[in-house]
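What the coordinates show
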Amino acid sequence: DDHRREVAGLYGSLWMARCLTALGDHTKGDAILESLLAHDNRDLDRFQREVFHFRLLSLASQGDHAQVARLADGWLKQNSNRRREPAYQGVQWATARSLLQWADEQKDEKERDRLFREADDLLNLLSRSRGPYSAQASREQLTLARRRNRMLKGNSFQALSAQG
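Everything in this summary refers to the structure shown in the same document. (Residues numbered from 1 in each chain as written. Predicted model: local features only at pLDDT ≥ 70, side-chain atom pairs only at ≥ 80, totals over all residues. Heavy atoms only, no water.)

So, about the overall build of the chain. Scanning the chain from N- to C-terminus turns up seven helices and zero strands. Listing the helices and strands of the chain from first to last along the sequence gives α-α-α-α-α-α-α. Principal-axis analysis of the C-alpha atoms gives the chain an extent of 75 × 35 × 25 Å. Out of the 164 residues belonging to the chain, those deemed buried represent 41%. Taking as baseline every contact in the chain between residues at least 6 positions apart, the subset at least 24 positions apart corresponds to 53%. (Helix = DSSP H or I, 4+ residues; strand = E, 2+ residues; numbered from the N terminus. Buried < 20%, exposed > 50% of the residue type's maximum accessible area, 1.4 Å probe, protein only. Contact = heavy atoms within 4.5 Å.)

Here's what the structure looks like:
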């Protein structure tokens, strides 16, 4: 009974943090998420993965796309045996979206293309999964392919007109 009460309280805190960050109070929301990530009950590993997913969503909503990508990279490798879990796929989805937004901020064409490729790799994995993000990932892949084609055509046109 105490365990259930503890778990219910932790999930209550998780959703409070999620609501606070959605309302723009990232300081309080992130503080709650950080304390939940530091919680030492290893019986709650699945819960911790959900907390991590929400932490990435908070960082992404603050525009810290580079930090999302950095944190997620190691986490995805460390938790690769959890690929079928919604939280794992949520981290992949949040990371792919952050990589796309980070790519849009890049002036350097090579860096932008590298980030697009990383995002496309994650979207490809998600679109082939049977999870909650597969349809969204497939649509995002099509959008990304169209964007990259337009960019390539634009660059080719600019290169040709510069020569001529």
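Resuming the write-up.
Remark: helix 3 (residues 45-61) packs on helix 4 (residues 65-78), axes separated minimally by 8 Å, with the N-to-C direction vectors making an angle of 160°. One finds that helix 3 runs roughly antiparallel with respect to helix 4. Every pair of crossing elements has a handedness; the one defined by helix 3 and helix 4 is left-handed. Along the contact surface, helix 3 presents Arg 49, Phe 52, Leu 56, Leu 59 and Ala 60, while helix 4 presents His 65, Gln 67, Val 68, Leu 71, Ala 72 and Trp 75. When its residues are assigned to classes, the contact of helix 3 with helix 4 shows eight nonpolar, two polar and one charged. (Axes fitted to C-alpha atoms, helices over the stretch in contact; angles between N-to-C directions. Parallel < 35°, antiparallel > 145°, perpendicular 65-115°, else oblique. Left-handed = near helix turned anticlockwise from the far one by under 90°. Nonpolar A, V, L, I, M, F, W, Y, C, P; charged D, E, K, R; others polar.)

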